[in-house]
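Chain by chain, the residues run as shown.
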Amino acid sequence: MEQNKLDRETFSCSICLDLLKDPVTIPCGHSYCMNCIKRHWNVEDQKRIYSCPQCRETFTPRPALKKNIVFATVVEDLKKTGPQATPADHCYTGLQATAADHRYAGPEDVACDFCTGRKLKAIKSYLVCLASYCEKHLQPHYDSSAFKKHKLVEPSKNLQENICSRHNEVKKMFCRTDQKCICSLCLIEEHKGHITVSAAAERTERQRELEEKQKKIQQVLQEKEKDMNLLQQEVEAINHSADKTVEDSEKIFTELIRLLQKRSSDVKQQIRSQQETEVSRVKDVQEKLEQEITELKRKDAELEQLSHTEDHNQFLLNYPSLPALSESTHSSSIKVRRLRHFEDVAAAVSELRAELQDVLRETWKQSSLTLTEVDVLLSESEPVSRDGYLKYLCEITLDPNTAHKWLVLSRENRKVTRKAQHQSYSSHPERFTHWRQVLSKESLTGRCYWEVEKRGRVYVAVAYKNISRAGSGNESLFGGNDKSWALDCHQTHYKFGHNNIWTSISSPVSSRVGVYLDHRAGILSFYNVSGSMTLIHRVQTTFTQPLHAGIWVGGEGNLKKEIMY
C-alpha cells in the first residue's frame, strides 16, 4: 500500500497534483502533464525565458514537448490499481490535508521553490539565488551561520525579473546612463563606458531622495491638513450663521403672517359691516319706492275707470272726490355710488401694503447674514427709458467659429447676412452644422443691454456656450432646448421659445429689438425700440451659466445686427 502511494506521488504532476495525463519530460528531467506545462509556459511567453516549476532551471528557446511513453504506460497501470490518493506533502509528513489547507499555495500565492508534491506558501524570498521558501525550508537561514548574510524579503512572484534575459545572470548593477538594472556581463558589453554603480548604492541614493521627497510631501500634507481644518471651521461658521439667520427669519415671517392674518380679518369685518350698512340704506329706499308704486298704480286704475264713464253727470260728480297726489321720492334724490362704496377699505389695504413693506425692510435690517453683494438677492429695478438701458450697453461681436456655413459676417463681425451657398469656413467643433445660427464671442453676466436691427424673419436669442452645435434636432436650435431662450421675430408678430415650448405674443412689430439681461436676477426682457421702449416679453428664471447672444436667420432676406454704443 505504501509503495503504491509512493508510486502515485512519483508519477503525479506537481502543477495539477493529479496523476500525469499525456506525460512529458522537460530538459531538466522533471515530468508534467502536457497541458499543465504548456499553460505554465504560455504565461512566460512574454519574457521568452521558460522555467521548470520545481527546480527553476530556465530554457531558451521554449523546449519542444514529446510524450513520455514509459511514464504514460506506468500511469495507466497505476490507474487500474485503485483510487487515487492525495499526494503527500514532504514538508509536513503526517499532517492531515484538511488541517494544513491554509498552508498550501493557491493561485494568488507565492509557492515554496523547495517543496515537492503539493507546494506550501512561501513566507520569504532570497534575491540572490532567486528562490522562495516556506516556513520549514526557511529554517536553515536562521540556524546556519552560512545563510545569515542572506537578505530575505517578502515573498515575490517577480523574482525572475531580477535575471538578465540576455546573459541569464542576476542584475546586481545599475546603469545611470540608461536608468536600468543590468548584470555584470552587461557592464562589460553594451553598457561599457556608461556611468554605473551597484544596485545597492543606487538604492541608497534613491532612498535618500525618496526620504527627502517624503519629508516635503509630509510638510505639504501638514499644511494642507491645516488648511482643511480652517476650511472645516469656516464651513461650521457658515452653517451656524445660516441656521441662526433662518431661525431669525422664520420668527420675523411668522410675525408677518400673523399680522397679515389679523389685518385680513379686520378688512373682512370692515367690508362686511359697511356692506350691511349700505345694503340696509338701499333696502329702506326700495321699500318706500314699492309703497309709492303701489299707490300710484291704484290711483291710475281709478282714473282709468273714471275716464270710461259715459254719463257726464256721473263723471262730474265723481271727479272732485279723486285723492290728491302725495309727494313722491324723486329719482334724482337717489345717489348710486357704485365703485365709491369701499374707498375707506381701499385706504386700509394701501396702509397694509405700507406696513408690509416696513416689516420686510425690518427683516433685512435684523438679518445676521452679511453678503458681499446684496444685489444677488435684491436686484435693482429695470430702467424705465432707453437712456437708462443704454447705461448697460454691451459691445457684442459675432464669433466666426460658430457661424453656419451659409452665413456671412461683416462690419467687424457685427453684421450677419444669409447666403444661398456655403462659405469657405474651416471645420470647427463650435460651428452650427444645420441651423443657420451664430453666437457672440462675449460671455454675458451681470447686467447687459444690446439692440438688433433686423430685416426678414430672425430669432433674437441668448444661449449657454455648451448648446449642441450638430444635427437638425431641437437640441441645437435656439429656443428648442433648456440651454437657450429665443424671440421668433416674424414680419407681423412674435413668438417666444424655451425648451421647445413656444408662446405667441400679441405686440406691435418693430425693425429694432432691444434685449436686456440681468443675469444674477434671472431677468431677460425683449423690447420694441422705436420712438419709445415697448416691452415684448419678459422672462424670470435662474441662469446657471454665462450666456452668449445669438442670431438665427431665416428665409431669403438679409439681417443686419448692430450693437448700439
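Thresholds applied
Residues numbered from 1 in each chain as written. Predicted model: local features only at pLDDT ≥ 70, side-chain atom pairs only at ≥ 80, totals over all residues. Heavy atoms only, no water. UniProt positions renumbered as here; feature names shortened; annotations may be inferred. Helix = DSSP H or I, 4+ residues; strand = E, 2+ residues; numbered from the N terminus. Pairing = 2+ DSSP bridges. Phe/Tyr/Trp six-rings, centres within 6.5 Å; stacked < 30°, edge-to-face > 60°. Buried < 20%, exposed > 50% of the residue type's maximum accessible area, 1.4 Å probe, protein only. Lys NZ or Arg CZ within 6 Å of the ring centre and 35° of its normal. Axes fitted to C-alpha atoms, helices over the stretch in contact; angles between N-to-C directions.

As recorded by an unreviewed UniProt entry, the protein chain carries the name Tripartite motif-containing protein 16-like and is attributed to Xiphophorus maculatus.

Caption draft 1: Quick peek at the UniProt feature "coiled-coil region" (unreviewed entry) in the protein chain. According to UniProt, the "coiled-coil region" (unreviewed entry) feature falls on residues 203–241 and 272–309. End C-alpha atoms of residues 203–241 are separated by 55 Å, and the span's content is 100% helix alongside 0% strand. With 95% helix and 0% strand, residues 272–309 has end C-alpha atoms that lie 56 Å from one another.

Caption draft 2: Layout of the pairing of strand 17 (residues 494–498). Inspection of the sheet shows strand 16 (residues 484–489) paired to strand 17 by 5 bridges, in the antiparallel sense. Pairing of C489 across the sheet is with Y494, part of strand 17. Between the antiparallel neighbours strand 16 and strand 17 lie 4 residues. Across 5 bridges, strand 17 lies against strand 18 (residues 501–505) in antiparallel orientation. Bridge assignment links H498 to a residue of strand 18, and that residue is I501. The antiparallel hairpin formed by strand 17 and strand 18 contains 2 residues in its connecting segment, where N499 sits at a positive phi of about 55°.

Caption draft 3: The arrangement of the packing of aromatic side chains in detail. Inspection of every chain in the model, using the stated rule, returns 12 aromatic pairs. Their ring planes at 65° and their centres at 6.1 Å tell us that W41 and Y50 sit as a pair that is edge-to-face. Classification of W41 by relative accessible area gives buried; the value is 0%. For Y50, a relative accessible area of 6% corresponds to the buried category. The side chain of R469 reaches across the aromatic face of F432, ending 5.2 Å from its centre.

Caption draft 4: Molecular detail of the sheet that holds strand 9 (residues 180–182). In space, the 3 strands of this open sheet follow the order 9-8-10, with antiparallel pairing throughout. Edge positions in the sheet fall to strand 9 and strand 10 (196–198), since each has one partner strand and no second. For this sheet, the mean inter-axis angle between neighbouring strands, taken without regard to orientation, is 35°.

Caption draft 5: Quick peek at the sheet that holds strand 15 (residues 458–464). In spatial order, the strands read 13-22-15-16-17-18; together these 6 strands make up an open sheet with antiparallel pairing. The sheet terminates laterally at strand 13 (437–439) and strand 18, the two strands that pair on one side only. Direction aside, neighbouring strands of the sheet carry axes that sit 20° apart on average. The pairing of strand 15 with strand 16 spans 6 bridges and is classified as antiparallel. Bridge assignment links V460 to a residue of strand 16, and that residue is L487.

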